[in-house]
Amino acid sequence: MTEFLDPSPSHTDMVQLLNPEGERVSHPDFEFSPDRPEDEAVRGFYRDMVLTRRLDVEATALQRHGELGLWAQLLGQEAAQIGAARALAPQDFVFPTYREHGVAWCREVDPMQLLGLFRGTDQGGWDPAEHNFGLYTIVIGAQTLHATGYAMGVQMDGLVGTGDPLRDTAVVAHFGDGASSQGDVNEAMVFAASYNAPVVFFCQNNQWAISEPVEQMVKVPLYKRAQGFGFPGIRVDGNDVLATYEVMKSALKRAREGGGPTMIEAYTYRMGAHTTTDDPTRYRLSDEVQAWKLKDPIARVEAYLRRGGGASTSFFTKVEAEAEEFGERLRAGIHSLPEPDPVRLFDNVYTELPEELREQRDGYAAYLASFEGASR
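Calculation rules
- Residues numbered from 1 in each chain as written.
- Predicted model: local features only at pLDDT ≥ 70, side-chain atom pairs only at ≥ 80, totals over all residues.
- Heavy atoms only, no water.
- Helix = DSSP H or I, 4+ residues; strand = E, 2+ residues; numbered from the N terminus.
- Buried < 20%, exposed > 50% of the residue type's maximum accessible area, 1.4 Å probe, protein only.
- Contact = heavy atoms within 4.5 Å.
- Pairing = 2+ DSSP bridges.
- Salt bridge = Lys/Arg side-chain N within 4 Å of Asp/Glu carboxyl O.
- Axes fitted to C-alpha atoms, helices over the stretch in contact; angles between N-to-C directions.
- Phe/Tyr/Trp six-rings, centres within 6.5 Å; stacked < 30°, edge-to-face > 60°.
- Lys NZ or Arg CZ within 6 Å of the ring centre and 35° of its normal.
- Polar contact = N/O pair within 3.5 Å; in protein donor to acceptor, adjacent residues only side chain to side chain.

Asks: What's the story with the side chain of glutamine 143 in this structure? I'm lost.
Replies: Mapped onto the secondary structure, glutamine 143 falls in helix α6 (residues 142-156). For glutamine 143, a relative accessible area of 1% translates into the label buried. Excluding anything up to four places from it in sequence, glutamine 143 contacts Phe95, Pro96, Thr97, Thr137, His174 and Phe175.

Asks: Even after reading the chapter, I still don't get the pairing of strand β3 (residues 199-205), so can you show me in this structure?
Replies: The side chains of a regular strand alternate between the sheet's two faces. Of all 7 residues in β3, 7 are buried, a share of seventy percent or more. What you see with β3 is no split at all: Val199, Phe201, Cys203 and Asn205 on one side and Val200, Phe202 and Gln204 on the other are buried throughout. In this sheet, β3 lies alongside strand β2 (residues 171-176) in parallel orientation, the contact comprising 6 bridges. When the bridges of β3 are listed, phenylalanine 175 appears paired with cysteine 203. Pairing geometry for β3 and strand β7 (residues 262-267), over 6 bridges, is parallel. If you follow phenylalanine 202 over to β7, its bridge partner there is isoleucine 264.

Asks: Help me out: how do you make sense of the pattern of salt bridges in this one?
Replies: Note that side chains of opposite charge can pair when their charged atoms are close. Throughout the structure, instances matching the rule amount to 21 salt bridges. Ionic pairing is found between arginine 54 and glutamate 58, a salt bridge with its closest N-O pair at 2.9 Å. With arginine 54 and glutamate 58 both in helix α1 (residues 38-64) and 4 residues apart, the pair spans about one turn of that helix. For the pair arginine 54 and glutamate 58, a shared accessibility class is recorded, and that class is buried. Across the pair glutamate 58 and arginine 331 runs a salt bridge, and its minimum N-O distance is 2.8 Å. One end of the pair, glutamate 58, is in helix α1; the other, arginine 331, is in helix α13 (residues 313-333), and 273 residues separate them in sequence. A relative accessible area of 36% means that arginine 331 is categorised as partly exposed. Three or more residues joined by partner-sharing salt bridges are found here, namely Arg54, Glu58, Glu324 and Arg331.

Asks: It is not clear to me how the sheet that holds β7 should be interpreted in this structure. Could you clarify?
Replies: The strands making up a sheet associate through hydrogen bonds between their backbones, and the pairing can be parallel or antiparallel. An order of β1-β2-β3-β7-β6 is seen for the 5 strands of this open sheet, with the pairing classed as parallel. Each edge of the sheet is formed by a strand with only one pairing partner; in this case those strands are β1 (93-95) and β6 (233-237). This sheet shows a mean twist of 20 degrees between the axes of neighbouring strands, independent of strand direction. With respect to the sheet, α6 is in contact with β1, β2 and β3, its orientation differing from that of β2 by roughly 170 degrees.

Asks: Would you mind showing me how to read the packing of aromatic side chains here?
Replies: Aromatic ring pairs are reported here in terms of the distance separating the ring centres and the angle at which the planes meet. Within the structure shown, the criterion is met by 24 aromatic pairs. Ring geometry for tyrosine 364 and tyrosine 367: centres 6.4 Å apart, planes at 15 degrees, overall stacked. Within this pair, tyrosine 364 and its partner tyrosine 367 are both found in helix α14 (residues 355-369), separated by 3 residues, close to a single helical turn. A relative accessible area of 29% means that tyrosine 364 is categorised as partly exposed. Classification of tyrosine 367 as partly exposed rests on a relative accessible area of 47%. Seen from the ring of tryptophan 292, lysine 295 lies directly overhead, with NZ or CZ sitting 4.3 Å from the centre. For the cation-ring pair, arginine 306 lies above phenylalanine 316, with the distance from its terminal atom to the ring centre recorded as 4.0 Å.

Asks: For this particular structure, what's the right way to read the side chain of aspartate 92?
Replies: Structurally, aspartate 92 can be placed in the loop between α2 (78-86) and β1. Classification of aspartate 92 by relative accessible area gives buried; the value is 0%. From its side chain, aspartate 92 meets the backbone nitrogen of alanine 170 in a polar contact 2.9 Å long. The residues contacting aspartate 92, other than those within four sequence positions of it, are Arg107, Asn132, Asp168, Thr169, Ala170, Leu252 and Arg256.

What follows is the structure, encoded as structure tokens:
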């Protein structure tokens, strides 16, 4: 098991195993060791990232055409999400923000259910228990408290440190650099440290909290904040899917074995807007965006596979064709989503609806029914 080193100037500041040129680099504490043949694993990562990006591009276009009310882009953050998600065991549980479309993909959530949420046809159509993937959290940072509480429950259920790899469970809390300043996140870390909870705090530092640059929010690297709570923190190149996979795998293993929480800062970049209501050209320079384009997470994996013979031309052609078909399916599927029944707002508030809410529901239904045929 890899030991997490306390961050200091004497240690490598950021774990990287694949550089932006697509060349493998060595690290003293981490080595890429997937659970299947290496080239097969990297090809799988590449396919995941390409299809996740296609989902993001199509959803953005659908919003621009009025088919979605909003979309939170992940463009540029594919490696951070796919690497982190593919390190999970089936029994691990994930608490996402509203941007973890790549993690949702890896947890086999139907992409149409993501679109349904942003179209407003439902409030999150997937079953968290089926996918071990929670519903999207819009309240910034709140999911870290949920994750820590769930992790404490996992401890109480005796699902940590048993030595059974099919039973021992870790929990992941996703959040962004902006959320790291929220009280909820810090409170979650206090509890996680106090109870030695099996939770990994996975921070995607995409450099911008909407329009606020990260250097304006923090004066030390984000991962070093973990020291103040009494558990390890580590920074990984979030555009390097191999490194992200290995760092996450080690943190999850540590949590499952009873080693307690870890914070991972995935150093990446939000190539698109915060959401489709945002215009990033108003607050950041194009030169910055161009510089990060040279670190594109998908391009570096493609370069690595082509240079090393890990994939044939036909493989890339096949993935591209699959992405095209996927895009067509998303565009066609958006119109098949059912129109929401406003009265269903009452359905998922209580297991058994109280009489007061029952009366409100019935009154609201009668009010809506009064409009039927009014225009005739």
